Amino acid sequence: MNTSTHPSPSPQNSTTITPNTTLSSPHSFSNTSLPKTSTQPTPPPTTPPSSPSTNTTSTPRRQFSPTSTIMDTLGCNPAEIVFLIEYGKSEHRKDIDHEGNFIRQLVKAWEISPDKIRVGVVVYHDTVREVMHLSEKPHELDDGISTLTRALHPSGEADLAKALDYARGTVFKYARPNVEKIVVPIVHSMSTPELTRIPAAARSLKDECVLVMAITVYSDSLVYPVIHSAVEQPYSSYSHEFSSFRMLEETGDNYHLICT
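A quick note: this is a predicted structure, and the numbers were derived from the prediction, not measured.

Rules behind the numbers
- Residues numbered from 1 in each chain as written.
- Predicted model: local features only at pLDDT ≥ 70, side-chain atom pairs only at ≥ 80, totals over all residues.
- Heavy atoms only, no water.
- Helix = DSSP H or I, 4+ residues; strand = E, 2+ residues; numbered from the N terminus.
- Buried < 20%, exposed > 50% of the residue type's maximum accessible area, 1.4 Å probe, protein only.
- Contact = heavy atoms within 4.5 Å.
- Areas by Shrake-Rupley, 256 points an atom, 1.4 Å probe, with all protein chains shown as cover.
- Core = buried A, V, L, I, M, F, W, Y, C linked by side-chain atoms within 4.5 Å.
- pLDDT = per-residue confidence, 0-100.
- Expected span 1.5 Å × (residues − 1).
- Phe/Tyr/Trp six-rings, centres within 6.5 Å; stacked < 30°, edge-to-face > 60°.
- Lys NZ or Arg CZ within 6 Å of the ring centre and 35° of its normal.
- Disulfide = S-S within 2.5 Å.
- Axes fitted to C-alpha atoms, helices over the stretch in contact; angles between N-to-C directions.
- Parallel < 35°, antiparallel > 145°, perpendicular 65-115°, else oblique.
- Left-handed = near helix turned anticlockwise from the far one by under 90°.
- Nonpolar A, V, L, I, M, F, W, Y, C, P; charged D, E, K, R; others polar.
- Arc of directions from axis to C-beta.

Visitor: Describe the overall build of the protein chain, and please don't skip the residues or the numbers.
Guide: Across its full length, the protein chain holds eight helices and nine strands. Burial analysis of the protein chain (260 residues in total) assigns 51% to the buried set. Considering only contacts in the protein chain between residues 6 or more positions apart, those separated by 24 or more positions represent 81%. Here the protein chain has roughly 12,900 Å² of accessible surface; of this, 51% comes from carbon and sulfur atoms.

Okay, structure coming up:
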């Protein structure tokens, strides 16, 4: 069940990240600037090349979609928003710091107060724990997230399904009534055993009127169809994809809340 009042953005075209591509820093989620690629087929050459390559098979690369306006407007209405920070063994310490800085910039742009936005933080790898209860104090959140991410040591296998189940059973116990509840996991790695459990865990959250979004940071282990099935639909509006943790933080640095 989705109680969101946010308008769904128009679909946006995907673009391809190619090797050595320079990404410009986005100023909001809705105008993330990524390199454009032609959608027209390349005509065959009229003259055969003088030294043809023996390897004509190219490996397809992951396409990253410009993020939508859902995140731009996320802080406009009263909500209980819980971020799930991944810190599995595939991350580096600086990656976790990028995750924290991204969240801190969003929190700075939002009106954190008893009547508007409250934010909580859960951290997960092969275990899950709530490190910040839903808070209405902006300075407490900023200092707490900064201290937290610098203290986390990457280890274990990230278990997103377990984190979603934990969020459903724990973080919204003291949520305000008649206020939207939102879970935003940051996802970088996925293990095969959890793949079938993730959609079911997300569905259980949705059944309790919790909106599920996702922030993904590219890795070879990510299975995007699983993420797309787990989030609110249409998934193109609720799954935001980044090519690196650095790009994630840069987006937060230039984040602007857009309320109409």
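Visitor: Can you tell me about unusual backbone geometry, naming the residues and giving the values?
Guide: In this structure, the amide linkage connecting Gln233 to the following residue, Pro234, adopts the cis form with an omega of 0°. Examined against the element boundaries, Pro234 turns out to sit in the loop between helix H6 (224-230) and helix H7 (235-238). The phi torsion at Asn178 lies on the positive side, around 60°, for a residue other than glycine. With respect to the helices, strands and loops of the structure, Asn178 is situated in the loop between helix H4 (160-171) and strand E6 (180-187). Of note, Cys209 is a non-glycine position whose phi angle comes to about 65°, a positive value. Turning to its location among the elements, Cys209 is positioned in the loop between helix H5 (197-207) and strand E7 (210-212). Note on Cys209: relative accessible area 22%, which makes it partly exposed.

Visitor: How would you sum up the nonpolar core? Please name residues and give values.
Guide: By size, the foremost hydrophobic cluster in this structure holds 68 residues, and its most contacted members are Ile81, Leu84, Trp110, Leu164 and Met213. The contact partners of Leu84, leaving out residues within four places of it in the chain, are Val122, Tyr124, Ala163, Leu164, Ala167, Val183, Val184, Pro185 and Ile186.

Visitor: Could you give an account of the confidence of the model for the protein chain, naming the residues involved and the relevant values?
Guide: Mean pLDDT over the protein chain stands at 80; residues scoring 70 or higher make up 73%. Note on residues 1-28: pLDDT is under 50 here. Beyond four places in sequence and across chains, it has 71 contacts. Confidence drops under pLDDT 50 across residues 30-69; counting only partners more than four residues distant or on other chains, this segment forms 63 contacts.

Visitor: Please provide a residue-by-residue account of helix H2 (residues 93-109), values included.
Guide: The end-to-end C-alpha separation of H2 is 25 Å, in line with the 24 Å expected for 17 residues at 1.5 Å each. Within H2, twelve of the 17 residues are buried, leaving the element largely enclosed by the surrounding structure. Along H2, the residues classified as buried are Asp95, Ile96, Asp97, His98, Glu99, Gly100, Asn101, Phe102, Ile103, Arg104, Leu106 and Val107.

Visitor: With reference to specific residues and values, describe the packing of aromatic side chains.
Guide: Here the distance between the centres and the angle between the planes together describe a pair of aromatic rings. Inspection of the entire model under this criterion finds one aromatic pair. Lying over the aromatic face of Phe172, Lys181 brings its terminal NZ or CZ to 5.9 Å of the ring centre.

Visitor: Lay out the state of the cysteines in plain terms, naming residues and giving numbers.
Guide: In a disulfide, the sulfur atoms of two cysteines are covalently bonded to one another. Using the criterion set out here, one finds one disulfide in the structure. Between the sulfur atoms of Cys76 and its disulfide partner Cys259 the distance amounts to 1.9 Å. Because the sign of the S-S torsion sets the handedness, a value of about -100° for the bond joining Cys76 and Cys259 places this disulfide among the left-handed ones. A residue pair is termed long-range when its members are at least 10 positions apart, and Cys76 in the loop between helix H1 (69-72) and strand E3 (79-86) and Cys259 in the segment after helix H8 (245-253) qualify at 183 residues.

Visitor: So what about the side chain of Thr216? Which residues, and what values?
Guide: Within the fold, Thr216 resides in strand E8 (residues 214-217). Other than its neighbours up to four places away in sequence, Thr216 contacts Val187, Leu222, Tyr224, Ile227, His240, Glu241 and Phe242.

Visitor: Can you explain the packing of H2 against H8? Please cite residues and give values.
Guide: Taken N-terminus to C-terminus, the directions of H2 and H8 make an angle of 20°; their axes are 8 Å apart at the nearest point. One way to sum up the angle between H2 and H8 is to call them roughly parallel. Between H2 and H8 the crossing geometry is left-handed. Taking contact as the criterion, the partners of Asp95, His98, Glu99, Asn101, Phe102, Gln105 and Leu106 in H2 are, on H8, Phe245, Arg246, Leu248, Glu249, Gly252 and Asp253. In terms of residue class, the contact of H2 with H8 is made up of four nonpolar, four polar and five charged.

Visitor: I'd like to hear about the environment of Ile70, residue by residue, with values.
Guide: Structurally, the position occupied by Ile70 is in helix H1. In this structure Ile70 comes out as buried when scored by relative accessible area, which is 0%. In this structure, the C-alpha to C-alpha distance between Ile70 and Ser239, residues 169 residues apart in sequence, is 9.7 Å.

Visitor: Could you give an account of H4, with specific residues and numbers?
Guide: For H4, with twelve residues, the first-to-last C-alpha span of 15 Å sits near the 16 Å given by 1.5 Å per residue. Of the positions making up H4, those classed as buried are Leu160, Ala161, Ala163, Leu164, Ala167 and Val171. Taken end-on, H4 shows its buried residues confined to a sector of 165°, consistent with a single buried face. Taken together, the buried residues of H4 touch E3, strand E4 (117-124), strand E5 (128-135), E6, H5 and H6.

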